[in-house]
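# Fold and geometry: a report
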Amino acid sequence: MSTNKMWGGRFASGPAAIMREITPSIDFDKRLAGEDLAGSRAHCRMLATEGIISKDDGQAILGGLDTIEKEIAAGTFVFKRELEDIHLNIEARLAELIGPAAGRLHTARSRNDQVVTDFRLWVRAACIRAEEGLTVLQKALIAQAEQHLDTIMPGFTHMQVAQPVTFAHHLMAYVEMFGRDRGRFEDAKKRLNESPLGAAALAGTTFPIDRDATAKALGFTRPMRNSMDAISARDFALEYLAACTISAVHLSRLAGELVQWSTPAFGFVKLSDAFTTGSSIMPQKRNPDAAELIRGKTGRVLGDFVALATVVKGLVLTYGTDLQEDKERVFDAADTLEISLAAMAGMIADMTANPAKMLSAAEAGYPTATDLADWVVRVLKKPFREAHHIAGSIVKCAEDKGVTLDKLPLADMQAIDADITEEVFKVLSLESSVKARMSLGGTAPARVREQLAHWKAAFK
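This report concerns the structure included in the present document. (Residues numbered from 1 in each chain as written. Predicted model: local features only at pLDDT ≥ 70, side-chain atom pairs only at ≥ 80, totals over all residues. Heavy atoms only, no water.)

### As for the overall build of the protein chain
When you go through the protein chain residue by residue, the secondary structure sums to 18 helices and 6 strands. Against the 2.2 N^0.38 benchmark of 23 Å for 460 residues, the protein chain shows a C-alpha radius of gyration of 31 Å, more extended than a compact globule. C-alpha extents for the protein chain along the principal axes are approximately 100 × 55 × 40 Å. Taking as baseline every contact in the protein chain between residues at least 6 positions apart, the subset at least 24 positions apart corresponds to 73%. Measuring between centres, the 55 positive side-chain charges of the protein chain sit 1 Å from its 59 negative side-chain charges. (Helix = DSSP H or I, 4+ residues; strand = E, 2+ residues; numbered from the N terminus. Rg over C-alpha atoms; globule rule 2.2 N^0.38 Å. Contact = heavy atoms within 4.5 Å. Lys, Arg positive; Asp, Glu negative; His and termini not counted. Charge placed at Lys NZ, Arg CZ, Asp CG, Glu CD.)

Shown next as structure tokens:
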């Protein structure tokens, strides 16, 4: 059994068979090929500029890296498990292409700083993709909201009809949530945007390298200040996963509402054929599979976060092969979040609302009872707790008579409080209730238009 020639000089015999199975990461870290090539190019140019390697060797290395990039793009590059990871696969192919000069590329560099540089570049790009996916979803929600500024639906607390709101107002709540999600990815991107390249194995290097040059070449803000931290830190990956998890939770909440709203019992929306399926036995069924899958995948993203946090929590400085477990979790969360965002944006964009069903549901449960209590406070000058009791008694009377509050005779209300006048009916309809809620952030169409204007301006 031969040794791995990339690192095996100290070892008399090759690894045990089980090690050949547990050690390789090439099956998943080949996704870092583009980042690895970018980091190698930046490192090579710096080495040549500083005179650490010759210009000729530098040109040969860069030419070989260009060839490898073309091979990977064409699908002709052969990834070998015996070479363990993307870094050694590329280095070995480079040696085949240009000979001994390939070995100079690893001067003043370790796989430790190489892999974490690649990983930071990958996560930075993933943050950008998440922001873009969230923006598409926000725009889909805004487009629906603009069509339903006056569509009244029930607002719920404890899943009980509470107060009337507009469908636009409800949708804009998710625009705000997903806006904060975008902010979390933006923050994570800023914090991770420091270069570990040049930290070498853990203590830096004796070669006169220019870490500022490589950081700038790779689009980093600056080099990381501490070489041990540069090698060992994975909080950038954890922060990305945390942002993914919170965003997935928000997606799950919206998915749950779509599942509920699309049932015949609610009938608030109809999801298109593109995002629903039928039943193998019940021909009447229209299953909201995409929404249910998004809701289910939230547990997967949360699991990725917990898994990596568990890996990192007990690690002493600096590098342990435990950290090889970081990439699969991040790749999985990224793939899951990105497909979920795309599916949700598609569902929202082509769903059809049913205003009549929403209005009918809003009429149940006496949702303008709070407006009645507020009127008693504002007009009759009674303390709110007393007004609350009066309104509750009037609701009970309306329930007993089987009518809505705006249809209850004035005489019945005056039997409960003689001071009530006919003016009370101005606040008892659903439309008046919605229009009256003019406080900042309220459901009044005028206020929702302000929310829409804010976000449309932000996207410009």
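### What to know about the packing of helix 6 (residues 111-146) against helix 12 (residues 326-350)
The geometry of helix 6 relative to helix 12 is characterised by a closest axis approach of 9 Å and an angle of 15° between their N-to-C directions. Here helix 6 lies roughly parallel to helix 12, going by the angle between them. Pair helix 6 / helix 12 crosses with left-handed handedness. Among the residues forming the contact of helix 6 with helix 12, the class breakdown is 20 nonpolar, 2 polar and 4 charged. (Axes fitted to C-alpha atoms, helices over the stretch in contact; angles between N-to-C directions. Parallel < 35°, antiparallel > 145°, perpendicular 65-115°, else oblique. Left-handed = near helix turned anticlockwise from the far one by under 90°. Nonpolar A, V, L, I, M, F, W, Y, C, P; charged D, E, K, R; others polar.)

### So, empty space enclosed by the protein
Where empty space is left in the structure can be found by rolling a water-sized probe over the atoms. For the structure shown, the criterion picks out 1 cavity of 30 Å³ or more. Of the pockets and cavities examined, the largest cavity occupies roughly 40 Å³. Around the largest cavity, the lining residues are A248, L251, I294, K297, T298, V301, T336, L337 and S340. Elements that contribute at least two residues to the lining of the largest cavity include exactly helix 10 (235-261), helix 11 (289-312) and helix 12. Among the elements that line the lining of the largest cavity, the one with the most residues is helix 11, at 4 residues. Taken together, the residues of the lining of the largest cavity sort by class into 5 nonpolar, 3 polar and 1 charged. (1 Å grid on protein atoms, 1.4 Å probe; cavity = no way out; pocket = protein on both sides within 12 Å on 5 of 7 lines; lining within 4 Å. Points joined across faces, edges and corners; volume = space filled by probe spheres on them.)

### Examining the pairing of strand 1 (residues 152-157)
Across 6 bridges, the pairing between strand 1 and strand 2 (residues 160-166) is antiparallel. Each residue of the ladder has a partner; that of F156, found in strand 2, is V161. Counting the residues between successive antiparallel strands, the hairpin from strand 1 to strand 2 contains 2 residues, one of them, H158, with a positive phi of roughly 55°. (Pairing = 2+ DSSP bridges.)

### Considerations on the environment of G299
One can find G299 in helix 11. In this structure the C-alpha to C-alpha distance between G299 and V249, which are 50 residues apart in sequence, comes to 8.7 Å.

### Looking at the pattern of salt bridges
A full pass over the atoms with the stated rule returns 29 salt bridges. Look at the salt bridges and you will find they share partners, linking E71, K80, R93 and E96 into a network. (Salt bridge = Lys/Arg side-chain N within 4 Å of Asp/Glu carboxyl O.)

### Regarding the side chain of S195
Relative to the assigned elements, S195 resides in strand 3 (residues 194-195). Judged by relative accessible area, S195 falls into the buried class, the value being 0%. One polar contact links the side chain of S195 to the main-chain amide nitrogen of L197, over a distance of 3.2 Å. S195 has contacts with R211, A215, F220, R222, P223 and M224, leaving out every residue within four places of it along the chain. (Buried < 20%, exposed > 50% of the residue type's maximum accessible area, 1.4 Å probe, protein only. Polar contact = N/O pair within 3.5 Å; in protein donor to acceptor, adjacent residues only side chain to side chain.)

### Looking at the packing of aromatic side chains
Under the defined criterion, the tally for this structure stands at 9 aromatic pairs. Plain terms: the ring middles of F119 and F236 are 5.5 Å apart, the flat faces sit at 70° to each other, and that makes the pair edge-to-face. In this pair, F119 is assigned in helix 6 and F236 in helix 10, connecting sequence segments 117 residues apart. You'll find F119 and F236 in the same group, each marked buried. Taken together, F156, F266 and F268 form an aromatic cluster joined through their ring pairs. The lysine or arginine in question, K139, covers the ring of F459, its NZ or CZ lying 5.4 Å from the ring centre. (Phe/Tyr/Trp six-rings, centres within 6.5 Å; stacked < 30°, edge-to-face > 60°. Lys NZ or Arg CZ within 6 Å of the ring centre and 35° of its normal.)

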